[in-house]
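# Architecture and fold: a report
Below, each chain spelled out in residue letters.
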Amino acid sequence: MSLDFKYGFDEFFRDETYCDDFTYRNSPAGIRRFPFPFDRDDYMYSVNMEPHVPGRKGSVFEHTFDVDEHYLSEMRDRARVLAKDPLRCQSLPHMTLAGWDLLELIMETKARDYPQWFSLTKDGNRWHWINRPLGIDQKFTFLDESTLPYGPMEYISRQTQGDFTLQDEREGTLWVDAGMVTTQADWSLDFNIGMNFHEWHAPVPLAHEKGIFDRALKFLLKLQHGAPVRRYNWTMTANPLLDTAPETYPEWGYMRTQLNQENMGRMMHLRVELQTLYRLPRSNAICFDIRAYLGKFEELVTVPKWGRRLHRVVRDLHPDLAAYKGFIRNRDAMAQWLSQYDDGQPTSPGWWPED
């Protein structure tokens with residue numbers, strides 16, 4: 001069984017690639033709404049949680065799940081990755097109910113927030129889902145896996161931007177027991193599945209010593225249904241690669257050695273993860289949504305405030321964090337290229353380009 005997508009590319013949904021010829025780019029409007037992650041001129045790892053509530057109109061925070069100009073191309077890239085490696089999507093048997101929780105959350109919110117593209121009608125457990133951009137018209141029975149072409153988590157996450165992990169709560173911690181992960185920043189679902197919260201985050205430098213993950217876990221265990229939260233994370237990527245998994249490192253790792261002052265602006269991308277967390281109602285699991293946004297350096301510096309600030313963050317970042325985020329070997333070259341966009345003027349607080 002499979003989903004027979006009919007990609008409805010148009011003037012809004014861009015037809016672009018995240019591999020081979022790398023035709024991905026942001027439109028001028030896409031650059032302005034990019035979730036620039038730095039609200040000051042320096043950076044240190046932190047919990048930085050806030051309520052996931054509707055934000056500025058037109059921003060990535062406007063709706064629960066952001067559907068942008070890259071939607072169809074990202075879904076096509078997800079299908080490509082899954083065809084090569086089905087283990088990018090896994091769910092332990094006890095997580096099926098959490099998958100149905102996730103399906104309900106995504107369908108209801110997308111139908112509410114984007115009625116021009118999605119609709120959901122219910123007659124008891126008989127549901128009718130329409131995804132117009134992907135050409136899907138699906139009638140199914142809620143909680144009956146036999147009425148869908150995939151399990152509920154895989155079915156809906158094949159239609160939703162961002163990676164997802166579903167975390168079971170037991171023994172006073174969270175366990176990564178299911179996930180759809182095809183756009184990860186150098187980590188592996190196949191390796192991490194079944195790990196608990198601290199095991200999963202063990203590679204992160206400096207944060208453990210500061211007690212950040214102890215505080216984060218304590219906070220998440222108190223997360224309530226209907227009160228989701230969000231935070232930023234970020235790294236750097238050579239070329240607009242969504243899939244930078246350890247399993248495919250030979251396909252992309254060498255690209256980091258090709259950077260120079262001539263191609264830096266085009267090849268180097270700031271990769272921002274908008275991470276949102278939801279307590280699910282039936283299973284009591286926590287959904288961790290990791291939505292990746294890519295911005296070329298040459299796009300980001302068109303916003304003067306961002307050009308100045310990105311130079312200062314890269315230049316002054318703690319070496320351990322630069323190494324963890326995968327760009328220590330290119331950090332000086334990146335700072336050199338960005339320095340031409342830093343006139344030394346002060347930057348205003350916050351990350352919005354016009355503030």
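Scroll up a little and you will see the structure.
A short tour of the structure in this document, coming up. (Residues numbered from 1 in each chain as written. Predicted model: local features only at pLDDT ≥ 70, side-chain atom pairs only at ≥ 80, totals over all residues. Heavy atoms only, no water.)

### Here we look at the pairing of strand β4 (residues 126-131)
Relative to β4, strand β3 (residues 118-123) runs antiparallel, the two sharing 6 bridges. Looking at the pairing, Lys 122 lines up with Trp 127 of β4. Count of turn residues in the β3/β4 antiparallel hairpin: 2 residues, of which Gly 124 carries a positive phi of about 65°. Bridge count for β4 against strand β5 (residues 136-141) is 6 bridges, and the pairing is antiparallel. Looking at the pairing, Arg 126 lines up with Thr 141 of β5. Hairpin connection from β4 to β5: 4 residues lie between these consecutive antiparallel strands, with Gly 135 at a positive phi of about 65°. (Pairing = 2+ DSSP bridges. Helix = DSSP H or I, 4+ residues; strand = E, 2+ residues; numbered from the N terminus.)

### Regarding the sheet that holds strand β7 (residues 173-180)
With antiparallel pairing, the 7 strands of this open sheet are ordered in space as β1-β8-β9-β10-β6-β7-β2. The strands lining the two open edges of the sheet, one partner per strand, are β1 (50-51) and β2 (89-91). In this sheet, strand β8 (residues 229-238) lies alongside β1 in antiparallel orientation, the contact comprising 2 bridges. Across the sheet, Pro 51 pairs through a bridge with Val 229, a residue of β8.

### Description of the pattern of salt bridges
Inspection of the entire model under this criterion finds 29 salt bridges. The salt bridge involving Asp 113 is made with Arg 112; its shortest N-O contact spans 2.8 Å. Its relative accessible area of 52% is what places Arg 112 among the exposed residues. With its nearest N and O atoms 2.8 Å apart, the salt bridge here joins Asp 168 to Arg 170. The buried category is assigned to Asp 168, whose relative accessible area is 16%. Bridged by salt links that share partners, the residues Arg 33, Asp 66, Asp 68, Glu 74 and Arg 291 form one connected network. (Salt bridge = Lys/Arg side-chain N within 4 Å of Asp/Glu carboxyl O. Buried < 20%, exposed > 50% of the residue type's maximum accessible area, 1.4 Å probe, protein only.)

### What to know about the nonpolar core
Among the nonpolar cores identified, the biggest contains 59 residues, and Trp 234, Met 236, Leu 270, Phe 297 and Leu 310 are the most heavily contacted of them. Core analysis: the second largest hydrophobic core is formed by 42 residues, Phe 5, Leu 72, Tyr 278 and Leu 280 among them. (Core = buried A, V, L, I, M, F, W, Y, C linked by side-chain atoms within 4.5 Å.)

### Section: the pairing of β8
Walk down a regular strand and you will see the side chains alternate between the two sheet faces. Judged by how many residues are buried, β8 sits mostly within the fold: 10 of 10 residues are covered. Residues Val 229, Arg 231, Asn 233, Thr 235 and Thr 237 of β8 are buried on one face, and the alternating residues Arg 230, Tyr 232, Trp 234, Met 236 and Ala 238, pointing to the opposite face, are buried as well. Inspection of the sheet shows β8 paired to strand β9 (residues 268-279) by 10 bridges, in the antiparallel sense. Across the sheet, the residue bridging to Ala 238 is Met 268, located in β9.

### Re the packing of aromatic side chains
For the structure shown, the criterion picks out 31 aromatic pairs. Seen from their ring centres, Tyr 249 and Trp 252 are 4.9 Å apart, and the 75° between their planes marks the pair as edge-to-face. Taken together, the residues Tyr 249 and Trp 252, both in helix α8 (residues 249-252) and 3 residues apart, mark about one turn of the helix. Since its relative accessible area comes to 41%, Tyr 249 is described here as partly exposed. For Trp 252, a relative accessible area of 4% gives the class buried. Seen from the ring of Trp 352, Arg 56 lies directly overhead, with NZ or CZ sitting 4.1 Å from the centre. Between Arg 291 and the ring centre of Tyr 293, over which it is positioned, the NZ or CZ distance is 4.2 Å. (Phe/Tyr/Trp six-rings, centres within 6.5 Å; stacked < 30°, edge-to-face > 60°. Lys NZ or Arg CZ within 6 Å of the ring centre and 35° of its normal.)

Geometry only, nothing functional implied.
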